[in-house]
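A closer look at the structure
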Amino acid sequence: MTARSGFATRGAQLASPARSIARGAGLALVFIVALLIVWEGAKAIGGDPWRFKDANGNETVYRPPLTWPIASDLSLPHVWKIAEALAAPVQRQQAQSLAQYLVGAAIYTGREAALGFLVGAVLGLALAAGFVHSKLAERAFMPYIVASQTIPILALAPLIAFAFGNGLVGIVIVASYLTFFPVTVAQLRGLTSPDPRALELMRSCAASRWTIFWKLRMPASLPYLFAALKVAATASIVGAIVGEGNPGGSQFGLGRAILNFNEQYITGPEKLWAAILAAALLGVAFFLAVRLLELYALRSRPNAAIG
Amino acid sequence: MSEQQRPEVVSVRGVGKTFESAGGRTIALEDIDLAIAPGEFVSLIGPSGCGKSTLLRLIGDLTAPTAGSVTINGKPARQARLDRDYGIVFQAPVLFDWRTVQANVALPLEVKGLARSDREQRVKATLDLVELGDFARHYPYQLSGGMQQRVSIARALALEPSILLMDEPFGALDEMTRERMNSEVQRIWQQTGTTVVFVTHSIPEAVFLSSRVVVMSPRPGRIVRVIDIDLPRPRTDDTRESARYFELITEVREALRGRRTDGRPPSGSVASMERTLAEGAVG
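Residues numbered from 1 in each chain as written. Chains lettered and ligands numbered in written order. Predicted model: local features only at pLDDT ≥ 70, side-chain atom pairs only at ≥ 80, totals over all residues. Heavy atoms only, no water.

**Quick look at the packing of aromatic side chains**
Applied cut-off: Planes of paired rings set the category: under 30 degrees apart is stacked, over 60 is edge-to-face and the rest tilted, where pairs are Phe, Tyr or Trp rings (Trp by its six-membered ring) whose centres lie within 6.5 Å. Helix and strand definitions here come from DSSP, where helices need a minimum of 4 consecutive H or I residues and strands a minimum of 2 consecutive E residues; each element is numbered from the N-terminal end. Any residue under 20% of the maximum accessible area for its type is buried, any over 50% is exposed, and the rest in between are partly exposed; the area is computed with a 1.4 Å probe on protein chains only. Geometrically, a lysine NZ or arginine CZ counts as sitting over a ring once it is within 6 Å of the ring centre and also within 35 degrees of the ring normal.
In the structure shown here, the tally under the stated rule is 13 aromatic pairs over all chains. Relative to Trp189 of chain B, the ring of Phe41 of chain B has its centre 5.6 Å away and its plane inclined at 85 degrees; by these criteria the two rings are edge-to-face. Placement of Phe41 of chain B in strand β3 (residues 41-45) and of Trp189 of chain B in helix α6 (residues 175-192) is noted, with a sequence separation of 148 residues between them. Overall, Phe41 of chain B belongs to the buried group, its relative accessible area being 0%. Taking the relative accessible area as the measure of exposure, Trp189 of chain B reaches 11% and is therefore buried. Here the aromatic rings of Phe96 of chain B and Trp98 of chain B are separated by 5.1 Å at their centres, their planes lie at 35 degrees, and the arrangement is tilted. Residue classification places Phe96 of chain B among the buried positions, given a relative accessible area of 2%. Members of the aromatic cluster, each reached through a chain of ring pairs, are Phe41, Phe170, Trp189 and Phe198 of chain B. The lysine or arginine in question, Arg299 of chain A, covers the ring of Tyr296 of chain A, its NZ or CZ lying 4.3 Å from the ring centre.

What follows is the structure, given as structure tokens:
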């Protein structure tokens, strides 16, 4: 039996996951190159003068024609300065390089964010599942859930830290606080997305609510769920970083690194930029992980490769 | 246990349906009596707003009557639904796009809790019945509209229901496909012996398929006439060109217009029906 014979005939519109990933990587590369050109281009036009060795080995000074504060070495360090800083020791007399330090910090933060993401996603799924079965519960709680998101996380994080401590638990709660909301909203929309006739069809064969939930509502909600999980994945990292940055907060992680390098900005702006880069890469990694999961979960549906 | 032979699969007695809304009350159906014998193919036809789909939904217990009673196989409609006596086909195929064709057909069997081996057997038999055996592992989006609708018919038949409800199942298909599907449905109906209640806008479709055509009028929804279709079976493309076929089409059309071929005055408001016809509600 040819399991997927149809894909050969009419499945042309369904791009394979591998191709989709390859195309995504290609686009990312193009974007990064473009970003570097804009970055160094700005510095070449309006940055601070810099020295370089010309073809004969003589040291020469390049003087950009304009002076833009935004392109100064303090605002926007050279790309190669950031690269040098990554390779250099994180602090004097330390064997560990900045890159090693940031990888360790990213793993630490990533663990917190992943836990927060999971807790938030499960909470969001549970809330949506409850609301889809009880209009009353939705009306009763939804306003508070929306209101909860209008409180700045910066104001709330210290309160959470005070109540649950500066350790893992408090940080995971901050991260999940940012992640459960998009999941709740999108999942509720997804669970109510089936055609009313599909629900009647289930009714006509005497399906229970439980069966309708698992055989119709859940599968129908998956595209909505994954859209929300992608938002939540990056939000969970923001949450973890903010949680770590609490006064007297975590001694490790990207949040701590960002705060420390913030204080040292005047002497080494490239360190903060490196930390920001690490946070961004962690976000991309989270996003891609969810995207891969999505490609797998929606592999049999048309348009799964889009988005 | 010897099961008593029921003379009727569907028995609708004195049924009315009124919708309450902000704009007031709408009487969708009034005083409907209808009995359908086992193995009959009954079409409900009428202009928009005549309540034919509502009547179908009442029979299928997808909505409850505000007056009267609906009995299926001697049981209340609700019990019949819980006993899975129905199969249902809508105007749109309403297939689950994350399931293959065979998994879609297996859905009612899963809901019923059938063992995998039984399911596979039933799915295969049902897909063969609608002649889609070769497409079992395709996904719905890979099929044409007509094929998707055949999958939804197979899904409706998977549980071997004693009554098949079809709500304008071919309304979205082009005329050529529609005629082919009509022949297909006739064959399936003859092979399975199931009772069919079929809602349609199309007079030729109703006449070609039915043992009886129930003509309805709107505001309030009523049964105007029930016309026996005595065309011999199996009906073929030749049937579509026979004199009797055209006579019956004319008879249904006249009944829809509120004229009686036997000279008696029509029930219901002629003026309102003429207005509906002028709006082009009947194909």
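**Observations regarding the packing of helix α9 (residues 209-244) of chain A against helix α11 (residues 269-297) of chain A**
The packing of two helices is summarised by the inter-axis angle and the distance between the axes. All names here are of chain A. Quick reminder of the rule: Geometry is summarised by axes, namely lines fitted to C-alpha atoms with helices restricted to the contacting stretch, and by angles between N-to-C directions that run from 0 to 180 degrees. Should an angle fall under 35 degrees it is taken as roughly parallel, and over 145 as roughly antiparallel, whereas 65 to 115 is taken as roughly perpendicular and any remaining angle as oblique. The crossing is said to be left-handed when, going from far helix to near helix, the turn is anticlockwise and less than a right angle, and right-handed when the turn is clockwise. When checking whether two residues touch, look at their non-hydrogen atoms; a contact exists if any pair is within 4.5 Å. Think of it as three bins: nonpolar holds Ala, Val, Leu, Ile, Met, Phe, Trp, Tyr, Cys and Pro, charged holds Asp, Glu, Lys and Arg, and polar takes everything else, Gly as well.
Their axes nearest at 9 Å, the elements α9 and α11 cross at an angle of 155 degrees. When the interaxial angle is binned, α9 and α11 end up roughly antiparallel. In the crossing of α9 with α11, the sense of the turn from one axis to the other is right-handed. Between α9, through Phe226, Leu229, Lys230, Ala233, Thr234, Ser236, Ile237 and Ile241, and α11, the contact on the second element is made entirely by Ala279, Leu282, Gly283, Phe286, Phe287, Val290, Arg291, Leu293, Glu294 and Ala297. Partitioned by chemical class, the residues of the contact of α9 with α11 number 12 nonpolar, three polar and three charged.

**Points about the pattern of salt bridges**
Residue and element names in this part refer to chain B. Under the convention used in this document: Salt bridge, as used here: a side-chain nitrogen of Lys or Arg that lies within 4 Å of a carboxyl oxygen of Asp or Glu.
Within the structure shown, the criterion is met by 26 salt bridges over all chains. For the salt bridge of Glu20 with Arg25, the shortest nitrogen-to-oxygen distance reads 3.1 Å. Among the ionic pairs, Glu205 bridges to Arg178, the shortest N-O distance being 3.0 Å. Of this pair, Glu205 sits in helix α7 (residues 203-209) while Arg178 sits in helix α6, and the two are 27 residues apart along the sequence.

**Here's the deal with the pairing of strand β6 (residues 86-89) of chain B**
Here is the key point about a regular strand: its side chains alternate between the two faces of the sheet. Residue and element names in this part refer to chain B. Spelled out, the test is: Strands qualify as paired when DSSP identifies two bridges or more between them.
The side-chain alternation of β6 yields two buried faces, one formed by Tyr86 and Ile88 and the other by Gly87 and Val89. Where β6 meets strand β7 (residues 163-167), four bridges bridge the pair, whose relative direction is parallel. What sits directly across from Ile88, in β7, is Leu165.

**With respect to the packing of helix α5 (residues 145-157) of chain B against α6 of chain B**
Residues and elements named next belong to chain B. Running from N to C, α5 and α6 cross one another at 20 degrees; their axes reach a closest spacing of 11 Å. When the interaxial angle is binned, α5 and α6 end up roughly parallel. Viewed along their axes, α5 and α6 form a crossing whose handedness is right-handed. For the pair α5 and α6, contact is made by Gly146, Gln149, Arg150, Ile153 and Leu157 and by Thr177, Met181, Glu184, Val185 and Ile188, respectively. Broken down by class, the residue content of the contact of α5 with α6 amounts to five nonpolar, three polar and two charged.

**Section: the pairing of strand β2 (residues 24-36) of chain B**
Residues and elements named next belong to chain B. Of the pairings in the sheet, the one linking strand β1 (residues 10-21) to β2 comprises nine bridges and is antiparallel in character. Residue pairing across strands places Glu20 opposite Arg25, the latter belonging to β2. Where β1 folds back on β2, the antiparallel hairpin that results is connected by two residues.

**A few points about the confidence of the model for chain A**
Put simply, the test is: Each residue gets a pLDDT score, which is the predictor's confidence in that residue and runs from 0 to 100.
On average, residues of chain A carry a pLDDT of 88, and 93% of them reach 70 or more. Between residues 1-13 of chain A, whose pLDDT stays under 50, and residues either more than four places distant or in other chains, the model counts 20 contacts.

**Remarks on the environment of Leu188 of chain A**
Residues and elements named next belong to chain A. Mapping Leu188 onto the fold places it in helix α7 (residues 168-191). The class of Leu188 is buried, set by a relative accessible area of 9%. Distance from Leu188 to Ala128, taken between C-alpha atoms, is 4.7 Å for residues 60 residues apart in sequence. Excluding residues that lie within four positions of it along the chain, Leu188 makes contacts with Ala128, Phe131, Val132, Glu138 and Val183.

**Thoughts on the nonpolar core**
Here is the rule: To form a nonpolar core, buried Ala, Val, Leu, Ile, Met, Phe, Trp, Tyr and Cys residues must be joined to one another through side-chain atoms within 4.5 Å.
Ranked by internal contacts, the top residues of the largest apolar core, which has 92 residues, are Ile59 and Ile153 of chain B. Discounting chain neighbours no more than four positions away, the residues touching Ile153 of chain B are Val89, Val130, Met166, Phe170, Met181, Val185 and Ile188 of chain B. Counting 36 residues, the second largest nonpolar core, distinct from the first, contains Trp39, Ala113, Ala121 and Leu225 of chain A.

**Looking at the sheet that holds strand β4 (residues 67-72) of chain B**
Residue and element names in this part refer to chain B. Spatially, four strands are ordered β2-β1-β4-β5 in an open sheet, and the strand pairing comes out antiparallel. The outermost strands of the open sheet, each flanked by one partner alone, are β2 and β5 (75-76). For β1 and β4, the ladder comprises five bridges, and the chain directions are antiparallel. By the bridge assignment, Ser11 is partnered in β4 with Thr71. Strands in contact with helix α1 (residues 52-59) are β1, β2 and β4; relative to β1, the strand with the most contacts, it is inclined by about 120 degrees.

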